[in-house]
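These are the residues of each chain, in order.
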Amino acid sequence: MAAADGDQRWLVECLTATLDTARDIRDFAEESLRQASLLPGYGAALTKVTTNKEIPFGLHEENFVPPVVSASEKVVIRQLLLISLDDSHGKIRTAIGMAVAAIGQQDWPEDWPELLPYLLKLIGDQSNGCGVRGALRCLALLSDDLDDTCIPKLVPELFPSLYSIISSPHMYENSLRAKALAIVHSCISMLGSMSGVYKRETVSLMSSMLDPLMEQFSLILNSPVQSQNPDDWSMQMEVLKCLLQLVQNFPAVLAPLWHTFVSSFKVYESSMIQASEDVDSVGYDSDGNERSLESFGIQLFELWTSIVGNSRLAKVIVGNIKELTYYTIAYQQITEEQLQNWSRDANQYVADEDDVTYSCRVSGSLLLEEIVTAYDEYGIDSVLEASKMHFYESRELKKAGSADWWRLHEASFFALGSLSEQLCEAQDSGYNVRDLLEQMVTDTMGTELHQYPFLHARAFSILSKPPPVKVGACRALAQLLPESNQSLSVSNITGILSSLVDLLGKASDETLHLVLETLQSAIKSCGEQSTIIEPVISPIILDVWAQHIADPFISIDAVEVLEAIKNAPGCLEPLVSRILPTIGSILGKSKIQQNGLVAGSLDLLTMILKNAPIAVVKAVFDTCFTSIIQIVLESDDHGEMQNATECLAVFISGGRQELLLWGGGQGHTLKMLLDAASRLLDPGLESSVSLFVGSYILQLIIHLPSHLSPHFPELIAAIVRRMQSSSITGLKCSLVVIIARLVHLSAPNVDQFINLLLAIPAQGYNNSFAYIMSEWSQLQGEIQGAYQIKVTTTALALLISTRHPELSNIEVQGHIIKTSAGITTRSKARVAPDQWTKIPLPAKIFSLLADTLAEIQEQVVGDEDDDCEEDSDWEEIQNGDTSIPHDMIYSASVPSNANPSVEHLNAMAKVFDEDDDESYDDDLAKTDTLNEVCLRCKVHLNKDNTVNQANVKPLDFLTNTFVKLWESDRPLFEYLCQDLTDSQRNAVEKVLRK
């Protein structure tokens, strides 16, 4: 490049001066640069300085504020950046690549059509190594930031060039091939997320490229892993990442993948477990990504877990499951590095094990869980058989004098421990798990404790041993004590608690979680002996809580221990007497407390109040109620406001009508409660502050309805204003639940409640009813919680049953209108944003109720159609059909926003299982009489597919709603059915079939 001109020289001098040690010179230079940035041409001049290879390297890295540039200047900058991508300095190439990627994201392809051809030309020029590296680096950055607008345009031109690099090991070094694979992975990931909406387009894009790519993936995975060559690991790891997106549709790659899994274990065992080969445990590539055998193994396990979790591929590999399980447990052996670290610090042992640190041990456990889930009894058989084989192998190694024999023994313990729940169920079903464990424990007891502490830590249940065994004993106690049936003697429980308290004083933050968990289990096992230990344990736990109030995890653990004490026989009153004076003082002077103490105190108080007798609620009221109200009215702290709101809700649930008599003057307590509600519904507050106001107001409605009814108009107006000012879906949903509960409260005069809503104004709408129903109809699919779904669904049924004339005058959002074929790009979205149909409110409500009905019936009848379809897909594979499936990458699809969320469907499942005592997310809602309503429609069919009327419950709410509407207004019913989908129509027809 030409020598620097006058402008460049001046810039270089200014940039150099910004590095001067003299402050006045440095300040003058920085101000000069700031003023220059306001002038035309500054951006181009600075780019020339950056790309001028004659300027010393250090000056290229000077930071600057990006200037505002004209369109013509942008052209110059883009050209200068492109021709400098082959700079000999790696940092400069990266900086230029970042600039190109940032500009390309905005300007390509419309304003910068030459970008991609130039990058592809650089990649293809093998004589210019720096150019290849610079172009790949730029494309890697570019592909990470591109969305569904650009990827479909990029892939057809880019993949052939990347394939040339990937398939040419004799021409390109492995680090460059790995970089090319990383770009392929970024593009495939985006295509995978697009396939849910643009399935056909993504299939078309990928179909011609998959066969050659899969061939190269197989070749790379079939190459043996060498511990001395990290570049090989990086390349194979990138292949594994690509396969995570594709493997569900391409079983052909499983053979080389299995070869990689087995051959990699041999290297992992010698390098990581036995440490007999000299290899760096952790390294990093040029992008800062970890490059190690451990991370490579984790990637392998993630891929196998995805394969086993796919029902089609699980059938393909069923013949290899026992061998897969065998190697998985072998991978779970303690490595030499872990052994050294844990021997030095037992707290690190807890941190790595309990915090689910990424490791082959943890990833292997996840795979074993997936195997048991996917294969049921055969999976259990495989795990038990593999564990037994490794146990016997460890015995043989011990006889042969191997110092590492215990690692396989410990790994078998670890594998079985990670599946404890499943194995307990298997034992109850006839599997002889106990004999194997007893045999393994007996062998462990016959070894020297201090020589093999980590083996004993897996098997021991006593507390007087070395630190690793204490940790293992805590785990054992936490699991064993809940099953002791409160049969421990006073001396036993006192000894255990004494040892735990001693360990509590020595524990690090990581170990503290485990000790507190064990204390909780010990206290629950005390039974009638609890009153003896409460005066000793409570002050210690309160001290732990206060010391760690800023750590939400430890403070929550401490509160859970205190809750165990509270629930123990005879301990509630003394615990409250111990806590209340301090908590009352903290809340009374809330503005001067340390950060987190007020919010934590409110959380502790809420725990005390839940399900407490009325005398305890009264005692807490006298000490703390007024202070809590003041916090709600005056605090600006989000945590304090949220916890205070929850605390007030529990107060109302526990005190009910009597609460109003405790506050002195006539209506004084009610006024404070309403003032708190008014503050929480203030539209000027941040939405997160009001997150729990729905639960609070719900308690007011449930327990104080007659006192609240005169204030309903003001309350509804405030709810509408709060909804209109909020962007948090969860808050809006909770307020919709309040409106729904008011609908129920107004029954059988729901018409009058609708008239009330019609009389209340709402900004931008004719009235509050129009606004509320517009929001409600969109949010119903987002509402979570079994109780909440029951309340809102049945309220919708009540509304449509009124056939109020105003219902038909309101139009709400219907279905999305697809305005054009193909992929919706950013530019298209700006010009033509998503459009929705408008449908009458009764049709929308009818559709939502039919959706719920269909979900209920699916829960009852089962998912037989999906099983049949899956069997059909499997038959195609069995018949040797290796062609590309039409729905490739479809498994990575994302749900449409118009559909119910996963959380909503999970909550609906709880609604249907009405015999489950734990079916409601919110304990406070269990006292609501609406819980007696049966939402479920448990339809039993005769052999001729007619409904067995003898088994239909009389209180089936939705069934009655549809039947009554059908019988009372047949024309309206048939009109509302016109817009139903086939599944909705079938669901309705089932309940009408006589």
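Just so we're clear, the structure is a prediction, and the values are computed from it rather than from any experiment.

Calculation rules
Residues numbered from 1 in each chain as written. Predicted model: local features only at pLDDT ≥ 70, side-chain atom pairs only at ≥ 80, totals over all residues. Heavy atoms only, no water. Helix = DSSP H or I, 4+ residues; strand = E, 2+ residues; numbered from the N terminus. Buried < 20%, exposed > 50% of the residue type's maximum accessible area, 1.4 Å probe, protein only. Contact = heavy atoms within 4.5 Å. Areas by Shrake-Rupley, 256 points an atom, 1.4 Å probe, with all protein chains shown as cover. Salt bridge = Lys/Arg side-chain N within 4 Å of Asp/Glu carboxyl O. Expected span 1.5 Å × (residues − 1). Axes fitted to C-alpha atoms, helices over the stretch in contact; angles between N-to-C directions. Parallel < 35°, antiparallel > 145°, perpendicular 65-115°, else oblique. Nonpolar A, V, L, I, M, F, W, Y, C, P; charged D, E, K, R; others polar. Core = buried A, V, L, I, M, F, W, Y, C linked by side-chain atoms within 4.5 Å. Domains from an automatic or database assignment. Bend = angle between axes of the 7 residues up to and from the residue. Phe/Tyr/Trp six-rings, centres within 6.5 Å; stacked < 30°, edge-to-face > 60°. Lys NZ or Arg CZ within 6 Å of the ring centre and 35° of its normal. Left-handed = near helix turned anticlockwise from the far one by under 90°. pLDDT = per-residue confidence, 0-100. Disulfide = S-S within 2.5 Å.

1. Structural notes on the overall build of the chain
(1) Moving on: Regarding its fold elements, the chain presents 46 helices and 4 strands.
(2) Moving on: For the chain, the proportion of its 994 residues judged to be buried stands at 51%.
(3) Moving on: Counting only contacts in the chain whose residues sit at least 6 apart along the sequence, the fraction spanning at least 24 positions is 73%.
(4) Moving on: Accessible surface, the chain: about 45100 Å² in total, of which carbon and sulfur atoms supply 50%.

2. Some words on the pattern of salt bridges
Where side chains of opposite charge bring their charged atoms close, a pairing between them can arise.
(1) Moving on: Scanning all chains against the criterion turns up 16 salt bridges.
(2) Moving on: A salt bridge links Glu 173 to Arg 133, with the shortest nitrogen-to-oxygen separation between them at 2.8 Å. Pair noted here: Glu 173 is in the loop between α8 (151-166) and α9 (174-194) and Arg 133 is in helix α7 (residues 129-145), with a separation of 40 residues, a long-range link.
(3) Moving on: For Glu 173, a relative accessible area of 41% translates into the label partly exposed.
(4) Moving on: Note on Arg 133: relative accessible area 30%, which makes it partly exposed.
(5) Moving on: The salt bridge partner of Glu 336 is Arg 407, with a shortest N-O separation of 2.7 Å.

3. Observations concerning helix α39 (residues 786-802)
(1) Moving on: For α39, spanning 17 residues, the distance from its first C-alpha to its last is 25 Å, which sits close to the expected 24 Å at 1.5 Å a residue.
(2) Moving on: Most of α39 sits inside the fold, with 16 of its 17 residues counted as buried.
(3) Moving on: Backbone geometry just downstream of α39 places Arg 803 in the positive-phi region, at approximately 50°.

4. Comments concerning the side chain of Ser 365
(1) Moving on: Positionally, Ser 365 belongs in helix α18 (residues 360-399).
(2) Moving on: Discounting chain neighbours no more than four positions away, the residues touching Ser 365 are Gln 332, Phe 414 and Ser 418.

5. A few points about the packing of helix α19 (residues 405-418) against helix α20 (residues 420-428)
(1) Moving on: The interhelical angle for the contact between α19 and α20, taken along N-to-C directions, is 80°, at an axis separation of 5 Å. If you check the angle between α19 and α20, you find them roughly perpendicular. Residues Leu 416, Gly 417 and Ser 418 of α19 form the contact with α20, whose own contacting residues are Ser 420, Gln 422 and Leu 423.
(2) Moving on: Among the residues making up the contact of α19 with α20, the classes are represented as 2 nonpolar, 4 polar and no charged.

6. Notes on the side chain of Ser 555
(1) Moving on: Note that Ser 555 resides in helix α27 (residues 552-567).
(2) Moving on: Sequence-distant contacts of Ser 555, that is, excluding residues within four places in its chain, are made with Trp 545, His 548 and Ile 549.

7. A few points about the environment of Lys 241
(1) Moving on: With respect to the helices and strands, the residue Lys 241 is situated in helix α11 (residues 230-246).
(2) Moving on: Assessed through its relative accessible area of 24%, Lys 241 is described here as partly exposed.
(3) Moving on: Taking the C-alpha atoms as reference points, Lys 241 and Leu 303, separated by 62 residues in sequence, lie 8.0 Å from one another.
(4) Moving on: Aside from chain neighbours lying at most four places away, what touches Lys 241 is His 185 and Gln 299.

8. Let's talk about the nonpolar core
(1) Moving on: One finds Ile 628, Phe 651, Tyr 696 and Trp 776 to be the most contacted residues of the largest nonpolar core, which totals 152 residues.
(2) Moving on: Taken domain by domain, this core gets at least three of its residues from each of domain 3 (570-709) and domain 4 (718-817 + 839-862 + 902-993).
(3) Moving on: Beyond its immediate stretch of four places on either side in the chain, Phe 651 contacts Leu 609, Val 617, Val 620, Phe 621, Phe 625, Ile 628, Arg 656 and Leu 659.
(4) Moving on: The next biggest cluster of nonpolar side chains, apart from the first, holds 117 residues, and it includes Ile 183, Leu 257, Ile 317 and Phe 391.

9. Some remarks on helix α26 (residues 530-547)
(1) Moving on: Across its 18 residues, α26 extends 25 Å between first and last C-alpha, which sits within 8% of the 26 Å expected from 1.5 Å per residue.
(2) Moving on: At Val 536, α26 shows its maximal kink, close to 40°; a proline, Pro 539, follows between one and four residues later.
(3) Moving on: Of all the residues in α26, the buried ones are Ser 530, Ile 533, Glu 534, Ile 537, Ser 538, Ile 541, Leu 542, Val 544 and Trp 545.

10. Focus: the packing of aromatic side chains
(1) Moving on: Counting across every chain of the model gives 24 aromatic pairs.
(2) Moving on: Geometrically, the ring pair formed by Tyr 765 and Tyr 771 is edge-to-face, given 5.2 Å between the ring centres and 65° between the ring planes.
(3) Moving on: Centre to centre, the rings of Phe 846 and Phe 962 are 5.3 Å apart; their planes meet at 75°, and the pair counts as edge-to-face. Of this pair, Phe 846 sits in helix α41 (residues 841-861) while Phe 962 sits in helix α44 (residues 957-968), and the two are 116 residues apart along the sequence.
(4) Moving on: Taken together, Trp 258, Phe 261, Phe 265, Tyr 268, Phe 301, Trp 304, Tyr 326, Tyr 327 and Tyr 331 form an aromatic cluster joined through their ring pairs.
(5) Moving on: Note that Lys 398 overlies the ring of Trp 405, its terminal NZ or CZ placed 4.8 Å from the centroid.
(6) Moving on: One residue, Arg 970, lies across the ring of Trp 966, its end atom 3.6 Å from the ring centre.

11. Topic: the packing of α27 against helix α29 (residues 597-609)
(1) Moving on: Two elements in contact, α27 and α29, have axes separated by 10 Å at closest approach and are oriented at 25°. It follows from the interaxial angle that α27 and α29 lie roughly parallel. Like other packed secondary-structure pairs, α27 and α29 cross with a definite hand, here right-handed. Each of Val 559, Leu 562, Glu 563 and Lys 566 in α27 lies in contact with α29, whose residues at this interface are Leu 604, Met 607 and Ile 608.

12. Observations concerning unusual backbone geometry
(1) Moving on: A cis amide bond links Ala 747 with the next residue in sequence, Pro 748, at an omega value of 10°.
(2) Moving on: Inspection of the secondary structure assignment puts Pro 748 in the loop between α36 (729-746) and α37 (750-759).
(3) Moving on: For Arg 656, which is not glycine, the phi torsion reads 50° and is therefore positive.
(4) Moving on: With respect to the helices and strands, the residue Arg 656 is situated in the loop between α31 (638-655) and α32 (668-680).

13. As for the environment of Val 267
(1) Moving on: One can find Val 267 in helix α12 (residues 254-273).
(2) Moving on: Once the C-alpha coordinates of Val 267 and Leu 293 are considered, the two residues, 26 residues apart in sequence, prove to be 8.5 Å apart.

14. Looking at the confidence of the model for the chain
(1) Moving on: When the pLDDT values of the chain are averaged, the result is 78; 76% of them are 70 or greater.
(2) Moving on: Of all secondary-structure elements in the chain, the lowest mean pLDDT belongs to helix α42 (residues 864-878), at 40, while helix α15 (residues 321-331) reaches the highest, 95.
(3) Moving on: Here residues 57-66 is a poorly scored stretch, pLDDT under 50, and it has 18 contacts once near neighbours within four places are set aside; other chains count.
(4) Moving on: Below a pLDDT of 50 lies the segment residues 461-469, which in the model reaches 26 contacts outside its immediate sequence neighbourhood of four places, other chains included.

15. What about the state of the cysteines?
(1) Moving on: Counted according to the given criterion, the structure contains 0 disulfides.
(2) Moving on: Among the cysteines around Cys 647, which has no disulfide bond, Cys 624 carries the closest sulfur, lying 7.7 Å off.

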